[in-house]
Amino acid sequence: MKKVLISLLFFLFYFNLFSSSRIDSLETILEKASSKRKPEILNELSLEYRDISQDKSIEYGQRAFKEARERKDHRQEAIALNNIGNAYKISKEYETALVYYLQALSIDEKYKDEEHLTKTLSKLGYIYVYLEENNKAIPYFQRALQISEKNKNINDIAYFSNCLGMTHWYLNNYALALKFYKRSTEFFKKDNNLITASVALNNTGNIYIRIGDYESALNHYLQSLKIKEEIGDKKQIANLLNNIGNTYHKLKQSDKAIDILIQAADIYKEIEDMNGYTQTLNNIGVFYNLENEYEAALEYHMQTLEIRKRLNDKKGISISMNNIGNVYRNLENFDKSLKYQLEALALKKGTKDKFSIASSEANIGHVYQLKGDLQKSEYYLKHALKLAKEIESDDLLKEIYINLYELYLNRKNYQEALSYHRLHSKLKDKMYNEESSKRIAEMQVKYETGEKEQEIELLNSEKKLGELKISQQNIIIYSSILAILITVILIMLISHQSRLRKKEIEERKRIEKEIKELNRTLEKRVKEELDKHKKQQQLLIQKSKLESLGKLAAGIAHEINQPLGGISMSLDNILQKMNSNQLDNKYLNKKCNSLFEHIERIRRIIEHIRIFSRDQQSVIFEKIDVNQTIRDAVSMVQTQYRNHNIDLSLELDETTGFTLGNKFKLEQVVLNLLNNAKDAVEEKASGKLDYDKKINLKTYSKRKKVFIEIKDNGIGISKENLEKIFDPFFTTKDADKGTGLGLSIIYGILTEMKGDIIAESSQDEYTVMKVILPGSFEKESKQ
């Protein structure tokens, strides 16, 4: 920190020395200047004093304005008004600055000075941003962009596109912000302005984070990082590493995330950047919280809070308090959690950041729910929902929907719970379903139409600018001696440009026609593909059920044979008694009851198989007893497993409770996982005499989640295959033993039930498949 302060003092010293020398020089020139040059010199003095003395800057600006008006020098008149406005802006007197900028705009418009007009429009746009009236800033930036496009000024097009991206970002208009930041990046690259292009790429990444598209965010951050590394800007490299680390967190790649955050922290420490250092400590704290290492998370967040208090960073303080509240929530210290969360919300309400306010209110609503105060929970969650809808943040909406779902489950309001569950599932599919035909189609159309059209437009602009530069160079070189020849060249150039323009219009019309045709058929094609995809998915699920039943056939036959044997034996006994005249009513009633029990057992088995095997597409979600569902599934295979000498053990926690979903689909999940475990132990047992085949199935609940674990001591799964097992059609089995659809279908069913599945394995030792489901019901007590 001392090195930075010393460097800053040296810079200020030499800056003031240079400024003083420059001012003295201008004062001397002013004394001897002609009346025509005086407004220009006075404006230069106003500019020099801007950062040193705003009062002096305003004084010289007013003198320049007076001199320019007397001599009807409209350009210097507008410059003087802008200089006065700049001085007031630096003094944070934004309303006064606005008055002078508007006067400058009036002069620029009156005399059609477009070069200076874009500068004035830029200043007006920014002054409204400083006044936090971003809606008023947009028309000025938009108009400046239109002038830049008309004049084909690539750098200005990039700059004002960036301004509009920033303004829409502040207004939470993420779609428009994304559009302008992308355009800004393209034009900055075209102008070879890599530093600013890197900033635009980073901003684009930030927007993708807000809307939940983490892969696109990571792609833009990495592009920006590459440019910063080439330039060697350490601070910006550290900032980008922070963003990249956070993105890997969201992509659930925690190892990569922590490595990158450590790199960022080391760079911040090296350059003594305390703000960046605290941000990185904060991110590491968030990481530890996600990994359930709460004490470590609390330590990092408390350290961050203390530093931010010393820096008087109010926004940072609110973020740290929010994070500390989240850790205390996970430690189930709800009173402390609410203390920090409510303090964070009070600080955020002083801003206009709807995303941060909604995020805090969602957190507070969740804590009140855990604490059991459902009325306050509903109040905060509903208010957060309203803000999240206004800013169209899918990430926040997904979190709020799941909290409202759990809230209404606790209230036993199953209709409302189901409504929010469906909203959550629909949004989750929209954000994460890689197999969505609609998403693929939209991306393809964007690439084939919009992006291609923009590329053509840029190429045409480049051609024209190149031709214009060549013509200007020719004029400079030959103007003194070849005036007539230049005139001829200019005529030819104009004719050539006219032809190019005609071709460009024809090409644009052709592309527009193609786009209209694509758009006309796009909706129909997307709907057809989605319907086809839905039917195929249902057929695959049904096929998987029937395959499971095929594998279970031997066990089911044995289950039916047992009661049939009992029926046969009872009938034989009755006949023997009748032949020996020993049959009485008591004995007959006893045997009849036994016959009815065996028949009822067969009926239950057949009914269970019939319901299990039917198409479940139309079945709505219902309350499921997880343990009973597992018992039903095991009843169909236990005899088969016993005949194969497989030790199938159950550890069912009776407090596990219920979940919400389709009972028979969950049963299918359990049967498929048990079949996989059976195949694994059978394959390992091949050729081994001293090997005990074991499968353990257990249930338990933790933090309102229901867990089903199926562990086998079979062949296991290699590390390289572990990442692929949920991919459709991936299998390590022979073609006649597996299609590779089982685990993919399981993943689809669990996603539909708002659950998840995690696989752990060590090759040649074991495999554990862990199913995680939401569970907010307690077991009902028997009366």
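Structure: see above.
Given the structure is predicted, the values throughout are model-derived calculations rather than measurements.

## Some points on the pairing of strand 4 (residues 693-702)
Thinking step 1. Both strand 2 (residues 646-652) and strand 4 contribute to a ladder of seven bridges, which runs parallel. Considered in strand 4, the bridge of L648 is made with I695.
Thinking step 2. Of the pairings in the sheet, the one linking strand 4 to strand 5 (residues 705-712) comprises eight bridges and is antiparallel in character. Its bridge partner lying in strand 5, S701 is registered against V706.

## Let's talk about unusual backbone geometry
Thinking step 1. The phi dihedral of K92 falls on the positive side, at around 65 degrees, and the residue is not glycine.
Thinking step 2. In this structure, N312 takes a positive phi of about 55 degrees despite not being glycine.
Thinking step 3. Among the secondary structure elements, N312 is positioned in the loop between helix 15 (294-311) and helix 16 (314-330).

## Considerations on the nonpolar core
Thinking step 1. Among the nonpolar cores identified, the biggest contains 148 residues, and L673, L674 and I695 are the most heavily contacted of them.
Thinking step 2. Examining the composition of this core, we find that ten residues originate from one element, helix 20 (residues 394-410), more than from any other.
Thinking step 3. Every residue in contact with I695, bar those within four places of it in the chain, is listed here: Y641, I646, D647, L648, S649, L674, A677, K678, V681, I710, K711 and D712.
Thinking step 4. Among the nonpolar cores identified, the runner-up in size contains 16 residues, and Y294, L298, L305 and I317 belong to it.

## Examining the pattern of salt bridges
Thinking step 1. Here the structure, examined in full by the defined rule, presents 22 salt bridges.
Thinking step 2. We note a salt bridge from R50 to D51, for which the minimum N-O separation is 3.5 Å.
Thinking step 3. Judged by its relative accessible area of 26%, R50 is partly exposed.
Thinking step 4. For R71, the salt bridge goes to E70, with nearest N and O atoms at 3.6 Å.
Thinking step 5. Judged by its relative accessible area of 33%, R71 falls in the partly exposed class.
Thinking step 6. The exposed category is assigned to E70, whose relative accessible area is 54%.
Thinking step 7. Salt bridges sharing common partners tie together E67, E70 and R71.

## Things to note about the environment of G716
Thinking step 1. Along the chain, G716 falls in the loop between strand 5 and helix 28 (719-722).
Thinking step 2. Sequence-distant contacts of G716, defined by excluding residues within four places in its chain, comprise S761, S762, Q763, D764, Y766 and T767.

## Regarding the packing of helix 14 (residues 274-290) against helix 15
Thinking step 1. One way to put it is that helix 14 packs onto helix 15 with a least axis distance of 8 Å and a crossing angle of 155 degrees. With respect to helix 15, the element helix 14 is oriented roughly antiparallel. In this structure, helix 14 crosses over helix 15, and the sense of that crossing is left-handed. For the pair helix 14 and helix 15, contact is made by M274, N275, T278, Q279, L281, N282, I284, G285, V286, Y288 and N289 and by Y294, A296, A297, Y300, H301, Q303, T304, I307, R308 and L311, respectively.
Thinking step 2. Each residue belonging to the contact of helix 14 with helix 15 can be placed in one class, and the counts come to eleven nonpolar, nine polar and one charged.

## Topic: the packing of aromatic side chains
Thinking step 1. Taken as a whole and judged by the stated rule, the model has 16 aromatic pairs.
Thinking step 2. Ring plane angle 80 degrees and centroid distance 5.1 Å describe the contact between Y379 and Y380, whose orientation is recorded as edge-to-face.
Thinking step 3. The interplanar angle of 35 degrees and the centroid separation of 6.2 Å between the aromatic rings of Y401 and Y420 together place this pair among those described as tilted. A residue pair is termed long-range when its members are at least 10 positions apart, and Y401 in helix 20 and Y420 in helix 21 (residues 414-432) qualify at 19 residues. Each member of the pair, Y401 together with Y420, is buried.
Thinking step 4. Ring-pair connections join several aromatic residues into one group, and the members of that group are Y94, Y126, Y130 and F141.

Thresholds applied
- Residues numbered from 1 in each chain as written.
- Predicted model: local features only at pLDDT ≥ 70, side-chain atom pairs only at ≥ 80, totals over all residues.
- Heavy atoms only, no water.
- Pairing = 2+ DSSP bridges.
- Helix = DSSP H or I, 4+ residues; strand = E, 2+ residues; numbered from the N terminus.
- Core = buried A, V, L, I, M, F, W, Y, C linked by side-chain atoms within 4.5 Å.
- Buried < 20%, exposed > 50% of the residue type's maximum accessible area, 1.4 Å probe, protein only.
- Contact = heavy atoms within 4.5 Å.
- Salt bridge = Lys/Arg side-chain N within 4 Å of Asp/Glu carboxyl O.
- Axes fitted to C-alpha atoms, helices over the stretch in contact; angles between N-to-C directions.
- Parallel < 35°, antiparallel > 145°, perpendicular 65-115°, else oblique.
- Left-handed = near helix turned anticlockwise from the far one by under 90°.
- Nonpolar A, V, L, I, M, F, W, Y, C, P; charged D, E, K, R; others polar.
- Phe/Tyr/Trp six-rings, centres within 6.5 Å; stacked < 30°, edge-to-face > 60°.

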